[in-house]
Amino acid sequence: GINAEYMGLLKMAAQPNLVQPNLNAAQKASFICKYNADCVECCPVDGFTQYFVCGNYELNEATRQRQGNLYLFCVQDDIDNIELKPNQELETAAVLDIKWSFAPVRQVPMIAQVSANGKLNLYSLKSSSSSVLLSSESETDVTSDGSLLLSCDWNNRVQRSGDVQITVSDSKGKLSVCQVNQSDVSVLHQWKAHEYETWITAFNYHQNNIVYSGADDCLFKGWDIRQPLYPNAALFVDKSHEMGVCAIHSNPNDPNLLATGSYDESVRIWDTRNMKSPLVQECLNGGVWRTKWHATEANILLTACMHAGFRVVSVASGSPSIQVKSSYNNHTSLAYGVDWLYKPKQKEQVIVSCSFYDKQLHLWT
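Source: prediction; values computed, not measured. (Residues numbered from 1 in each chain as written. Predicted model: local features only at pLDDT ≥ 70, side-chain atom pairs only at ≥ 80, totals over all residues. Heavy atoms only, no water.)

Enquirer: I'd like a rundown of the nonpolar core, residues and numbers included.
Expert: Core analysis: the largest hydrophobic core is formed by 28 residues, its most contacted members being Leu-120, Leu-122, Trp-154, Ile-166, Val-168, Val-180 and Trp-191. For this core, the elements supplying multiple residues, two or more each, are strand S7 (110-115), strand S8 (119-127), strand S10 (149-154), strand S11 (165-170), strand S12 (174-180) and strand S13 (185-192). A total of 4 residues in this core trace back to one element, the largest contributor, which is S12. Setting aside chain neighbours within four positions, we find Trp-191 in contact with Gly-173, Lys-174, Leu-175, Val-177, Trp-223, Ile-225, Tyr-230 and Pro-231. Core analysis: the second largest hydrophobic core is formed by 20 residues, Cys-42, Leu-84, Leu-341 and Val-350 among them. (Core = buried A, V, L, I, M, F, W, Y, C linked by side-chain atoms within 4.5 Å. Buried < 20%, exposed > 50% of the residue type's maximum accessible area, 1.4 Å probe, protein only. Helix = DSSP H or I, 4+ residues; strand = E, 2+ residues; numbered from the N terminus. Contact = heavy atoms within 4.5 Å.)

Enquirer: Explain the packing of aromatic side chains residue by residue, including any values.
Expert: Per the counting criterion, the structure on display carries 19 aromatic pairs. Note on Tyr-71 and Phe-73: the rings are 6.0 Å apart at their centroids and 40° apart in plane angle, and the pair reads as tilted. Here Phe-73 falls in the buried class, since its relative accessible area comes to 0%. Considering the side-chain rings of Tyr-336 and Phe-356, the 5.3 Å spacing of their centres and the 70° angle between planes classify their relative orientation as edge-to-face. With Tyr-336 in strand S26 (residues 335-340) and Phe-356 in the loop between strand S27 (351-355) and strand S28 (360-364), this pair connects stretches of sequence that are 20 residues apart. This pair shows no difference in class: Tyr-336 is buried, exactly as Phe-356 is. Each member of the aromatic cluster is reached from another via a ring pair, and the members are Trp-199, Tyr-263, Trp-289, Tyr-336, Phe-356 and Tyr-357. (Phe/Tyr/Trp six-rings, centres within 6.5 Å; stacked < 30°, edge-to-face > 60°.)

Enquirer: Report on empty space enclosed by the protein, specifying residues and quantitative values.
Expert: Empty space among the atoms becomes visible once a probe the size of a water molecule is rolled across them. Scanning the model with the defined rule gives 2 cavities of 30 Å³ or more in all. When its volume is computed, the largest cavity comes out at roughly 180 Å³. Elements that contribute at least two residues to the lining of the largest cavity include exactly strand S2 (36-42), strand S6 (95-100), S10, strand S14 (200-203), strand S18 (245-250), strand S22 (290-293) and S26. Considering each element in turn, the lining of the largest cavity owes the most residues, 4 residues, to S22. Split into classes, the residues belonging to the lining of the largest cavity amount to 13 nonpolar, 3 polar and 7 charged. (1 Å grid on protein atoms, 1.4 Å probe; cavity = no way out; pocket = protein on both sides within 12 Å on 5 of 7 lines; lining within 4 Å. Points joined across faces, edges and corners; volume = space filled by probe spheres on them. Nonpolar A, V, L, I, M, F, W, Y, C, P; charged D, E, K, R; others polar.)

Enquirer: Lay out the environment of Trp-270 in plain terms, naming residues and giving numbers.
Expert: Along the chain, Trp-270 turns up in strand S20 (residues 266-271). C-alpha separation for the pair Trp-270 and Ser-171, spaced 99 residues apart in sequence, amounts to 25 Å. Other than its neighbours up to four places away in sequence, Trp-270 contacts Phe-220, Asp-238, Ser-240, His-241, Asn-256, Leu-257, Leu-258, Thr-260, Met-275, Ser-277, Pro-278 and Leu-279. Here Thr-260 takes part through its side chain, which lies 3.0 Å from a polar atom of the side chain of Trp-270. (Polar contact = N/O pair within 3.5 Å; in protein donor to acceptor, adjacent residues only side chain to side chain.)

Enquirer: Any chance you could break down the pairing of S14 for me, citing the residues and the numbers?
Expert: Side chains Ile-200 and Ala-202 of S14 all project onto a buried face; the interleaved residues Thr-201 and Phe-203 project onto the opposite face, where all are buried too. Strand direction decides the pairing type here: S14 and strand S15 (residues 210-214), joined by 4 bridges, are antiparallel. Paired with Thr-201 across the bridge in S15 is Ser-213. Here S14 folds back onto S15 in antiparallel fashion, the turn holding 6 residues. (Pairing = 2+ DSSP bridges.)

Enquirer: Go over the sheet that holds S27 with me, naming the residues and quoting the values.
Expert: Across the sheet, which stays open at both edges, the 4 strands sit in the order S1-S28-S27-S26 with antiparallel pairing between neighbours. Each end of this open sheet is capped by a strand with a single partner; those strands are strand S1 (27-32) and S26. For this sheet, the mean angle separating the axes of adjacent strands, direction not counted, is 15°. Across 4 bridges, the pairing between S27 and S28 is antiparallel. Directly across from Ile-351, in S28, lies its bridge partner Trp-364. (Axes fitted to C-alpha atoms, helices over the stretch in contact; angles between N-to-C directions.)

Enquirer: Break down the pairing of S28 for me, with residues and values.
Expert: Among the 5 residues that make up S28, 5 are buried, leaving the element largely enclosed by the rest of the structure. A two-sided burial pattern is seen for S28, the buried positions comprising Gln-360, His-362 and Trp-364 on one face and Leu-361 and Leu-363 on the other. Examined bridge by bridge, S1 and S28 share 5 bridges and lie antiparallel to one another. Paired with Gln-27 across the two strands is Trp-364, which belongs to S28. Remark: 4 residues form the turn of the hairpin made by S27 and S28, two consecutive strands paired antiparallel; Lys-359 in that turn has positive phi of roughly 60°.

Listed below in structure tokens is the structure:
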């Protein structure tokens, strides 16, 4: 499936290191998904922060067809006695990434899904008389050349005025910037950004005309979509990663900080004012597939490190350093999906994570 076919795992065929769990990260609950679990995203919209969605991807070995689903979960207040049971399961195309809009769209929480069939789907989270469920809003053909859509990001985390846009990357090296209109989604810009799979794309949340991309060609690039020359001229082309670039995240609380992750097992922290080289980098002993800055703590970063589990790190930018604060190694397969639960009532920060071949979804603190 995504395993050998597209996740670059041929390079990293190591069996998971079954490290003893670090005692400072405590598992609270778990759930076994139907298919391989590859992404998890917690709802950031006020009034709905108890909800999160897990996306799955599987290649059916018999039919060679890809399939997937989305699970919607709700986390109750008593985190110590929680049972993880999905409120909803939706059969979908094979999911490669999901992201919530940071503000309501069309007056409701909205999540984007990119899939192996080249389509971008939007789902709204709506309250009915007795429940809150995901409802399909739109399906957009972003690419028709057989590309798998690999990642997506919304532009409205910090800047809430102006057009709502989603950047999408694909397996043939293209980037697409899509606009979310009142009733549909249109592809505004599309260009060839890399020669190989563009694993990740992200907006600069503080200057949302800037789009970043990272790919299997080991290149990390920035683009200004206001500039007429952008398809042919990147703002910068960084060559410091030693393997494919698979994670990029703009810090919502510090306009100058950016994190990248790579199959080369290092997380890198950048100052967006000087993209010539990273401020600091640290080896985390596994390919850094996802990086997620904390919603309110500007120096705390969550990472999914493939065969090395999950890490919470602190970043000191003054005299640049990266320190591992906690590790979570209870998953027995590739650590892919991870996010902070935004729920404010908890005494402890709750984290949701998922892993691929063992289909596991875990909640931990």
